[in-house]
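Residues per chain are reported as follows:
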Amino acid sequence: MSQTNSVYGGQAVIEGVMFAGRSVHVTAVRRKNNEISFLEVPKTEKGWVRNLKKIPLLRGLVAIIEASAKGSVHLNFSAEVYAEEEGEVKQEEPSFFGKISLYLGVAVVGVLSFVVGKLFFTLMPPAIEYLAFNNLFEGRIYHNLLEGLIKIIFLVGYIYVISLTPLIKRLFQYHGAEHKVISAYEAGLELTVRNVQKFNTLHYRCGSSFIILTVIIGVIIYSFVPYDTFMERIIQRLILLPVVIGVSYEALRITNALRDIPVLRYLGYPGLWLQKLTTKQPEDAQVEVSIASFNRMREIDMRNA
């Protein structure tokens, strides 16, 4: 089972679940007539991308950009099915090149959205900390700790507020279903609704864990780099952002590898705590969709092996 830990990944999308395998990304979405529709996108990579993924620190940045791009494509498919089910007019099926252009456009938007969001959560906290606490005391480490605390408050508050909306709540339920399916598979159980529902919605290998790690790792890295002015501090954050992402990705891999060691397993707990907000207990029907997506992905992977 250890091999699958580094291969299979999942991602919740609106009213559906996407799983990434060795050769394909599969999204499953349930329609109102209870049929499950699939989007299957072959996993193709340029040689230079594969080489970048072998380089520690750099592979984290590549993985995040790739996940943002591909996740947006599958999210768009889920949204299209949702719109169609709500009775909106279905547009004419685009040509092959039209689909390529559409997927590329959606992927670019996904990456830009990630970059803008990351810049906001990276630059706003130090600005707030500077305005509120700069003249109260000296000591770079204390200011960095306060900045990290503000980031966590921003992050938790934002997730909590959006989780109150029905649509995001269902998204988080599918996120929980995805985690349950992966846990059941890693435990070697048959993927039935009953077996899958026995598991927790939390999982060490999750994007939520990565997000909280970037805050913790950022505080540590920023404490070793001096600055004299506010602008130097902001520029420093921008320059070091790729480093923070790269180190956080490696830390996530380490915490996942050490999760079965009694003492060291606690290193992954901050991410698990955040998942208590980003995952919800799924309904049986949502688990069925997650199982269908995972099984379709495995079927295609085995066929292409």
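Residues numbered from 1 in each chain as written. Predicted model: local features only at pLDDT ≥ 70, side-chain atom pairs only at ≥ 80, totals over all residues. Heavy atoms only, no water.

Moving on: the environment of Arg298. On the secondary structure map, Arg298 appears in helix H11 (residues 284-304). When the C-alpha positions of Arg298 and Ala20 are compared, they lie 9.4 Å apart, and in sequence the two are 278 residues distant. (Helix = DSSP H or I, 4+ residues; strand = E, 2+ residues; numbered from the N terminus.)

In this section: helix H8 (residues 207-222). Given a rise of 1.5 Å per residue, 16 residues ought to cover 22 Å, and the 22 Å separating the end C-alpha atoms of H8 matches this to within 8%. Burial runs high along H8: twelve of the 16 residues are buried. All of the buried residues along H8 are Ser208, Ser209, Phe210, Ile212, Leu213, Thr214, Val215, Ile217, Gly218, Val219, Ile221 and Tyr222. (Expected span 1.5 Å × (residues − 1). Buried < 20%, exposed > 50% of the residue type's maximum accessible area, 1.4 Å probe, protein only.)

Turning to the packing of aromatic side chains, a few remarks are in order. Counting across every chain of the model gives eight aromatic pairs. Taken together, a centroid distance of 6.1 Å and an interplanar angle of 65° make the contact between Phe121 and Tyr158 edge-to-face. Note that Phe121 is positioned in helix H4 (residues 96-133) and Tyr158 in helix H5 (residues 140-163), a separation of 37 residues in sequence. Given the relative accessible area of 46%, Tyr158 is considered partly exposed. Ring centres of Phe137 and Tyr142 lie 6.2 Å apart, and the angle between their planes is 85°; on these two criteria the pair is classed as edge-to-face. The partly exposed category is assigned to Phe137, whose relative accessible area is 29%. (Phe/Tyr/Trp six-rings, centres within 6.5 Å; stacked < 30°, edge-to-face > 60°.)

With that settled, the discussion passes to empty space enclosed by the protein. Under the counting rule described, the total for this entry stands at one cavity of 30 Å³ or more. Counted as a void, the largest cavity has a volume near 50 Å³. Among the elements of the structure, H8 and helix H10 (269-278) are those that each provide at least two residues to the lining of the largest cavity. Here the lining of the largest cavity is built from residues that sort into four nonpolar, four polar and no charged. (1 Å grid on protein atoms, 1.4 Å probe; cavity = no way out; pocket = protein on both sides within 12 Å on 5 of 7 lines; lining within 4 Å. Points joined across faces, edges and corners; volume = space filled by probe spheres on them. Nonpolar A, V, L, I, M, F, W, Y, C, P; charged D, E, K, R; others polar.)

Summarising burial for strand S3 (residues 24-30): seven of the seven residues are buried, a large majority. Burial of the side chains of S3 extends over both faces: Val24, Val26, Ala28 and Arg30 are buried on one face and His25, Thr27 and Val29 on the other. Inspection of the sheet shows strand S2 (residues 16-20) paired to S3 by five bridges, in the antiparallel sense. If you follow Gly16 over to S3, its bridge partner there is Val29. Adjacent in sequence and paired antiparallel, S2 and S3 are bridged by three residues. As judged from the seven bridges shared by S3 and strand S4 (residues 36-42), these two strands associate in the antiparallel manner. (Pairing = 2+ DSSP bridges.)

Take the pattern of salt bridges next. Scanning all chains against the criterion turns up ten salt bridges. We note a salt bridge from Glu147 to Lys151, for which the minimum N-O separation is 3.4 Å. With a gap of four residues between them, Glu147 and Lys151 both fall in helix H5, about one helical turn apart. We classify Lys151 as buried; its relative accessible area is 10%. Arg233 is the partner of Glu147 in a salt bridge, and the nearest nitrogen-oxygen pair spans 3.0 Å. Of this pair, Glu147 sits in helix H5 while Arg233 sits in helix H9 (residues 230-257); the two residues are 86 residues apart in sequence, bridging distant segments of the chain. Side by side, Glu147 and Arg233 carry an identical accessibility label, which is buried. Where salt bridges share partners, they join Glu129, Glu147, Lys151, Arg233 and Arg237 into one cluster. (Salt bridge = Lys/Arg side-chain N within 4 Å of Asp/Glu carboxyl O.)

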